[in-house]
Amino acid sequence: MKPHYKVVVIGGGIVGTSLLYHLARFGWTDIALVERAELTAGSTWHAAAGFHALNDDPNIAALQGYTIRLYDEIERESGQSVGMHMTGGISLAASDERWQMLKAERAMYETMDMETTLVTPEQIVEMCPLVDPRGLKGGLYDAHEGYVDAHGATHAFAIAARQRGADILLRNRVLGLEPRADGHWDVITEQGRIIAEHVVNAAGLWARRVGRMTGVELPVVPMSHHYLVTDDVPMLATLGREFVSITDLEGFTYLQPLGKGALLGVYERDPRHWSPEGAPWDYGMDLLPPDVERILPELEIGYARFPALAEVGIKRWVNGAFTFTPDGNPLVGPVPGKRNLWVACGCMGGFSQGSAIGLTLSQWMIHGDPGHDIFGMDVARYGAFASGEDYLRDTTRQFYARRFVISYPNEELPAGRPLKTSPVHDTLAAEGARFGVSWGMETPQYFVTGDAAGVDASGGRGATGAAAAFVETLTMRRSNALGFVADEVRAVREAAGMFDASVYARYEVSGPGAAAWLDRLLACRLPAIGRVRLAPMLGHGGKLMGDLTVSRLAADRFWLIGSYYLQEWHGRWFRDLLPPQGVEFKNLSDSWTGFALSGPRARDIVQPLVARDLSNASFPFMSCGEMQIAARTPLTAVVARLSLTGELGYELYVPAASQPALLEALMSTGRALGLRHIGNRALDSLRLEKSYGIWSTEFTQSTTPGMCGLDRHVAFDKGDFIGREGALRERETPSSRVLVTLAIDATDADASGFEPVKLDGRLVGYTTSGAYGHHVGQSLALAYVDRDVVAAAGAAAGTSFGAPLTVDVIGETRAARILREAAWDPKGMRLRD
Ligand SMILES: Cc1cc2nc3c(=O)[nH]c(=O)nc-3n(C[C@H](O)[C@H](O)[C@H](O)COP(=O)(O)OP(=O)(O)OC[C@H]3O[C@@H](n4cnc5c(N)ncnc54)[C@H](O)[C@@H]3O)c2cc1C
């Protein structure tokens, strides 16, 4: 043990060792892994160690593919067998809905260059004779699934890391972590003090405890998990090969070969947490007593699906613990608010994700950028709210229990809600709002109004019923709420609609250094006083870090508006770059809120409430200012003239406590003019009619400004700003794909993102989001499509152009074409009206 290391990784499970290896591989060799007991002594040693690349998040799926590919290489490099068994795997469908979902997934994986195949019940039995195919519709086969030896894989990473110069310090618990004035850490261990430039918490089952050593509450909690190993199964003796691994999605079980027997694992619907504070320090390489009674319902389904298992005995039970986060994905990256402190924990699929974490975190530590869009794993996707005991317990339980349950795109899950509500929540609920949730904040999705029951799938209204009784059907197709969304879209296009802006984040940047700082942070030119600009923000490599708007309220006072759920993520970025003095940064997201109001009557609604002249001449498109709103109690509001709907619009913000008064004031002038509330779904329809992208679908960390069209807001000539070099490079060698709008011949389902776009059967792109454009009467999607396809198509005449493309919507092939311009008001006249 040396007294000083560049990096100390705490934890010698599959995640910690993989990270250690990657750091060493990329050139940081002054590093040590400190392990409490022996390598694998947490969740790792008893894992079934199955792996698969498939994941709902395409970025994570791609990285899981990397994990799997690396096993052979690490075995060669270390000389240690990883015990690779590439059996292939099949996910079973035993219902029509599931079968449809697997078809949609197959199409999605195609966009990621992952070849999966739909297989028949007969083919399933051929690949895994243990399966009773009764009731099966089919399955999704992936050749790149299997299992490794947990011990061998972990040691292979450790050996290879050691060979590259890393130290591994066993039987040496970390007792405390103390920050040093220079930003480094004192790592207090049983064997003494180590000074580390960087510390990584890869403490698996103990990650929450290690987090607390630094005053950080991580949203991670251990849960128990069972599998059983059978005696030899006679049927397998003559098979001559291993059977293909099976995931029985309707049965809540998974099956892997193990010797001449099988391993049957269970994701029960009634799961249990274990030692929620983190495993006890003296927890050895122990197992928990099996709780067979509790998992019996799922076991019964498992034995019915794999009847040959009933003919043999159970060799052993494994009931172990591993960690869960609210969404089941790991926590990776720099801990917001802590210098040189990193996490790599909360990983429930270490054998699919271990190298993914090692690769991205090591790149992040060494180069300041993970190199991939890993928002889905980033520790900053959560805020403090996620670590609350109740929230963590309920959401992790929900995730575990629903691990194999179909999630529908229009489904809003109940756990941990309501956590945060806007001041007008109850009023909106009384108006019929049906809520979703964004970063804990209840957000209207649509409003059930009028005579609600009997809305049919095409959105047509039936005859009778009460709004309160309306139940939305869960479906991958258009739902019976379509009619409500259509009404909201109509209101915005013909009169006015307003959206609770509580799901926008608001930041105030002020002080003598504010303009200079923002000029470097944002890629756009800063607006003049009283003006607003769209403000792409780039990372150091030139890819997007945000799609904000910036309003200049005074020479030295600005407001930034962004996505509510990115507060911690953006906050980390802002604070890391904040100069020591001269700039004050305030997050106003919860202390100020308001409404985004738009539609042709918007000015008629807002003008009577303010003294300021809102005419085009005095307050044109992209203006902003502070105004007195004449309400019962006069309010000072920050008002900006812009909209995401493409109509004349205003965003109006007041201190949060005044939002109900603002609502009352707007309704007092708006009700007679047709003003109504709208939800997220209407916004999606409206923005797609305008070809507007948003963060997380069109704009992501792996998007360049040139790909998505935000380059037109980048002021390349304004002098230096973060990401300028990368963005300039991209101008010289443009990305291969560009963002376009597609019109899709879909009648009862719309694109939702990551559907393959094809030309003559050849993959030429993928969708990012889709919705029915209610006003234009067309199913629409935004999509990244090969530049040459777009260019070649562009030569043709007409409002839409090019050879007919196809898009696989929920796995069904639909004709599509590129729209030359936005489907609604392409010249943007209505915004400027
Ligand atoms: C029954 C079961 C079956 C599973 N099956 C699979 C599967 O098929 N596929 C799959 O991918 N995953 C599976 N898992 C999950 C898998 O085990 C985990 O994803 C993985 O092991 C997590 O690895 P880790 O390195 O993050 O954590 P851990 O393995 O928990 O490692 C953390 C390490 O940190 C050390 N440590 C903690 N605190 C300190 C400290 N203060 N000082 C020093 N050292 C410390 C611990 O001793 C431990 O060795 C299964 C889990 C269980 C329980």
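Let me sum up the structure you'll find in this document. All values reported here derive from a predicted model rather than from experimental measurement.

Turning to the nonpolar core, a few remarks are in order. Counting 100 residues, the largest nonpolar core has V9, V200, L361, L742, I744 and L805 as its most contacted members. When residues of this core are assigned to their parent elements, the largest contribution, eight residues, is made by helix α2 (residues 58-78). Residues V34, L169, L341 and A501 belong to the second largest nonpolar core, which totals 71 residues.

Attention shifts here to the pattern of salt bridges. Taken as a whole and assessed by the stated rule, the structure comprises 53 salt bridges. With a shortest N-O distance of 3.1 Å, R477 and D748 are connected by a salt bridge. Separated by 271 residues along the polypeptide, R477 in the loop between β20 (441-447) and α12 (482-494) and D748 in the loop between β32 (737-744) and β33 (756-759) bring together distant segments of the chain. With its nearest N and O atoms 2.8 Å apart, the salt bridge here joins D684 to R687. Here the residue D684 and the residue R687 both occupy positions in helix α17 (residues 680-689), the gap between them amounting to three residues, near one helical turn. The network of salt bridges with common partners includes R208, R212, E217, E277 and E389.

Now for the site of the ligand. Inspection of the region around the ligand gives 40 residues, with E35, R36, T44, G50 and C347 positioned closest. Here an oxygen atom of the ligand sits 2.6 Å away from a polar atom, N or O, in the side chain of E35. Residue T44 places a side-chain N or O atom 2.5 Å away from an oxygen atom belonging to the ligand. For the ligand, whose unbound accessible area comes to 1,000 Å², protein coverage reaches 97%. At the level of secondary structure, the elements contributing two or more residues to the shell around the ligand comprise α1 (14-25), β12 (221-230), β16 (314-324) and α9 (350-367). In terms of residue count, β16 provides more of the shell around the ligand than any other element does, four residues in total. Along the lines of polarity and charge, the residues of the shell around the ligand split into 22 nonpolar, 15 polar and three charged.

So, on to the state of the cysteines. By definition, a disulfide links two cysteine residues through a covalent bond between their sulfur atoms. Taken as a whole, this structure holds zero disulfides when the rule is applied. Summary of cysteine pairing: C347 is not part of a disulfide, and the nearest cysteine sulfur, belonging to C345, is at 9.3 Å.

With 13 residues, helix α10 (residues 389-401) ought to run about 18 Å at 1.5 Å a step, and its terminal C-alpha atoms sit 18 Å apart, in line with that. Along α10, the positions that sit buried rather than exposed are Y391, L392, T395, T396, Q398, F399, Y400 and A401. Where the residues of α10 are buried, they touch α6 (207-212), β12, β15 (261-266) and β16.

Further remarks concern empty space enclosed by the protein. Considering all chains together, one arrives at three cavities of 30 Å³ or more under this definition. The volume enclosed by the largest cavity comes to roughly 70 Å³. If you trace the largest cavity, you find 13 residues lining it, with A596, S598, L644, T645 and L683 closest to the centre. When residues of the lining of the largest cavity are traced back to their parent elements, those giving at least two are β21 (496-500) and β27 (592-598). The element contributing the most residues to the lining of the largest cavity is β27, with three residues. Grouping the amino acids of the lining of the largest cavity by side-chain chemistry returns eight nonpolar, four polar and one charged.

If you trace the eight strands from one edge of the open sheet to the other, you get β5-β6-β4-β13-β14-β15-β12-β16, paired in mixed fashion. Among the strands making up the open sheet, the edge pair consists of β5 (116-119) and β16. Adjacent strand axes in the sheet meet at a mean angle of 20 degrees when their direction is disregarded. Both β12 and β16 contribute to a ladder of ten bridges, which runs antiparallel. Across the sheet, L228 pairs through a bridge with W317, a residue of β16. In the packing of α10 onto the sheet, contacts are made with β12, β15 and β16, and the angle to β12 comes to roughly 25 degrees.

Another aspect to go through is α12. Because each turn of an α-helix spans 3.6 residues, side chains separated by three or four positions end up pointing in the same direction. An ideal rise of 1.5 Å per residue puts 18 Å on 13 residues; α12 measures up with 18 Å between its terminal C-alpha atoms. Burial analysis of α12 places ten of its 13 residues in the buried class, which makes it a mostly covered element. Taken together, the buried positions of α12 are L482, G483, F484, V485, A486, E488, V489, A491, V492 and R493. On its buried face, α12 is in contact with β20, β21, β27, β31 (675-677) and α17.

Attention now moves to the environment of F243. Mapped onto the secondary structure, F243 falls in the loop between α7 (234-237) and β13 (245-248). In this structure the C-alpha to C-alpha distance between F243 and G88, which are 155 residues apart in sequence, comes to 8.5 Å. In this structure F243 touches T87, M127, C128, P129, L130, L236, L255, Q256, P257, G261 and A262, once residues within four positions along its chain are discounted.

Rules used in this analysis
- Residues numbered from 1 in each chain as written.
- Predicted model: local features only at pLDDT ≥ 70, side-chain atom pairs only at ≥ 80, totals over all residues.
- Heavy atoms only, no water.
- Core = buried A, V, L, I, M, F, W, Y, C linked by side-chain atoms within 4.5 Å.
- Buried < 20%, exposed > 50% of the residue type's maximum accessible area, 1.4 Å probe, protein only.
- Helix = DSSP H or I, 4+ residues; strand = E, 2+ residues; numbered from the N terminus.
- Salt bridge = Lys/Arg side-chain N within 4 Å of Asp/Glu carboxyl O.
- Near = heavy atom within 4 Å.
- Polar contact = N/O pair within 3.5 Å; in protein donor to acceptor, adjacent residues only side chain to side chain.
- Areas by Shrake-Rupley, 256 points an atom, 1.4 Å probe, with all protein chains shown as cover.
- Nonpolar A, V, L, I, M, F, W, Y, C, P; charged D, E, K, R; others polar.
- Disulfide = S-S within 2.5 Å.
- Expected span 1.5 Å × (residues − 1).
- Contact = heavy atoms within 4.5 Å.
- 1 Å grid on protein atoms, 1.4 Å probe; cavity = no way out; pocket = protein on both sides within 12 Å on 5 of 7 lines; lining within 4 Å.
- Points joined across faces, edges and corners; volume = space filled by probe spheres on them.
- Pairing = 2+ DSSP bridges.
- Axes fitted to C-alpha atoms, helices over the stretch in contact; angles between N-to-C directions.

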